[in-house]
Amino acid sequence: MATIIPVSPFDYVVFGATGDLTQRKLLPALYQRYRDAQIPETSRIIGASRSHMTLEEFREHARDALKSFVPPAEIDEAKLAGFLDHLFYVAVDALGDDGWDELKTLLDERPDRIRPYYLATSPDLYGSICRNLDRHGLIGENSRVVLEKPIGKDLKSARAINDAVGAVFPESQIFRIDHYLGKETVQNLLALRFANTIFERLWNADVIDHVQITVGETVGVEGRGGYYDTSGALRDMVQNHILQLLCLTAMESPISLDANSVRDEKLKVLRALKPITAADVQAVTVRGQYAAGAVGGRPVEGYQADLGSDAASRTETFVALKLEVRSGRWAGVPFYVRTGKRLPKKLSEIVVQFRASPFSIFPADAFGREPNRLVIRLQPEEGMKLEVMTKDPGPGGMRLRPTNLDISFEETFKQRYPDAYERLLMDVVRGNATLFMRRDEVEVAWAWADTLLKAWADRPEPPRPYAAGSWGPTASIALIERDGRTWHEEIG
């Protein structure tokens, strides 16, 4: 059984307390930490939003959310009742004056508490909320602010948000969250590389042929069409989640696990990432948009129908890229990344494909001989799988076949472990920013993305259609197969 280390007492203020993110992710995560006795009994979780409701109505709203989004087997009625007693509510106008005095009165009851402000709102409100917090004297040395993605839609807007928040909060108190970095497997990637000599010695262009990163979703836009059509897969997934996974895969060893040491090394990877210009865009990028098809045996409509608009959209719901990290460690090693909606499976994985042996002592008919491959699974089941060659059991000669050394974290450790939001919410209370993005990381990633967006704009071609339930446009297959490689799709 893992040791649960309680955090210091806190007042967690969640702006956007009646919104989807709070109901689906934040309240369930905080409930799980309370159920595991990590949250001190004197802590408070204070919801803030424009909606006018009583405390009882907010607690009932929270109860309904927990019953909907926490597995029934993990609902302990006594713990649930105790958790709801820790919830408070204030109606606050982010853009005006209403409610701020009431919030200050509530917080001033316990002025010395650690006080995280989680902005589960539209990024357009980040600056206004932070200015109001400052104007009403609600920011102190124990305050932190948590920013959800997207932080802008390009470099210019990201800088504007960072400037607005940074005008009242020092960088050390700003936590830009990417929930992918809170996944157990992502942190185990650091352990795998830097705590195991066998892998770190092999983690270079001499031994690795290429790396693949896939983040696939089976869902469509699911009512988020208004946001998604102004965003697209590059802004929504590549600029943040996928580039962060690439950084952790490609980074050099930090001098310690100190937040800035880790983020310094990630920043170096982003700066080493080769820009994709108009001259390269056709050779190393594929944009797609899902059409009607079937996912999980169920017919689904195409993106245009999901969008509910008569105007033809040129927004991509799928992106595949061939990326290059310009460093000595990775010279000549391509990073193939892809992400999309309405793919056959929901999955996130990193595949490290090792080079084939230059010479084999085994006969040509020892079929099944394949290079080693390390598959790091983030979802649906977090774990790692190393594919090695072994002898097929039995007499009759030396026949080889690939065998998996498979580690499923849940099966191996026989326990539930905290999900990404649970871990990250508590890291904010601790003041540990290692798994959060620093301002310069966000802005360098946007500068790289802006170059690609401009390259696409300079070659205005519509995204390629792909049937919902497929792995994207056929051009994405050609992207990797013309290099003599293939996408890893043996996902169980």
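These lines cover the structure that appears in this document, whether it is placed above or below. Since the structure is predicted, the reported quantities are computational estimates derived from the model, not experimental observations. (Residues numbered from 1 in each chain as written. Predicted model: local features only at pLDDT ≥ 70, side-chain atom pairs only at ≥ 80, totals over all residues. Heavy atoms only, no water.)

### A short note on helix H15 (residues 420–430)
Burial analysis of H15 places ten of its eleven residues in the buried class, which makes it a mostly covered element. Residues of H15 that are buried: Ala420, Tyr421, Glu422, Arg423, Leu424, Leu425, Met426, Asp427, Val428 and Val429. Tucked into the core, H15 has its buried residues touching strand S1 (11–15), helix H1 (20–35), strand S4 (115–119), strand S5 (143–147), strand S6 (174–176) and helix H7 (184–194). At the C-terminal side of H15, Gly431 shows a positive phi close to 80°. (Buried < 20%, exposed > 50% of the residue type's maximum accessible area, 1.4 Å probe, protein only. Helix = DSSP H or I, 4+ residues; strand = E, 2+ residues; numbered from the N terminus. Contact = heavy atoms within 4.5 Å.)

### Remarks on the sheet that holds S4
Strand order in the open sheet formed by six strands is S3-S2-S1-S4-S5-S6, with parallel pairing between adjacent strands. Either end of the sheet is taken by a strand with one partner, and the two such strands are strand S3 (87–91) and S6. Here the strands of the sheet are splayed against their neighbours by 20° on average, with no regard to which way each runs. Where helix H2 (residues 55–69) meets the sheet, its contacts fall on strand S2 (44–49) and S3, and the angle it forms with S3 comes to roughly 120°. (Pairing = 2+ DSSP bridges. Axes fitted to C-alpha atoms, helices over the stretch in contact; angles between N-to-C directions.)

### Comments concerning the pattern of salt bridges
Per the stated rule, a full pass over the model turns up 33 salt bridges. Here Arg33 makes a salt bridge to Glu422, at a shortest N to O gap of 2.9 Å. With Arg33 in helix H1 and Glu422 in helix H15, this pair connects stretches of sequence that are 389 residues apart. Among the ionic pairs, Arg329 bridges to Glu200, the shortest N-O distance being 3.0 Å. Of this pair, Arg329 sits in the loop between strand S11 (318–324) and strand S12 (334–340) while Glu200 sits in helix H8 (residues 197–200), placing them 129 residues apart in sequence. By relative accessible area, which is 22% here, Glu200 ends up partly exposed. One network of salt bridges, in which partners are shared, links Arg159, Asp163, Arg439 and Glu443. (Salt bridge = Lys/Arg side-chain N within 4 Å of Asp/Glu carboxyl O.)

### Regarding the packing of aromatic side chains
Applying the stated criterion to the full structure yields twelve aromatic pairs. Their ring planes at 40° and their centres at 6.4 Å tell us that Phe15 and Tyr117 sit as a pair that is tilted. Here Tyr117 lies in strand S4 and Phe15 lies in strand S1, a separation of 102 residues in the sequence. Like Phe15, the residue Tyr117 is buried in the burial classification. By the ring-pair criterion, three or more aromatic residues cluster together here, those being Phe15, Trp100 and Tyr117. Here the basic side chain of Arg44 rests over the ring of Phe88, its NZ or CZ set 5.8 Å away from the ring centre. One cation-aromatic arrangement involves Arg287 over Trp456; the distance from NZ or CZ to the ring centre is 5.0 Å. (Phe/Tyr/Trp six-rings, centres within 6.5 Å; stacked < 30°, edge-to-face > 60°. Lys NZ or Arg CZ within 6 Å of the ring centre and 35° of its normal.)

### Quick word on the nonpolar core
Ranked by internal contacts, the top residues of the largest apolar core, which has 144 residues, are Phe15 and Trp448. Considering every element that reaches this core, the biggest residue donor is helix H10 (residues 232–250), with eleven residues. (Core = buried A, V, L, I, M, F, W, Y, C linked by side-chain atoms within 4.5 Å.)

### Digging into the pairing of strand S7 (residues 208–216)
Burial analysis of S7 places nine of its nine residues in the buried class, which makes it a mostly covered element. Note that S7 and strand S13 (residues 347–354) share eight bridges and pair antiparallel. Within S13, the residue paired with Gly216 across the bridge is Leu347.

By themselves, these observations are geometric and do not establish any function.
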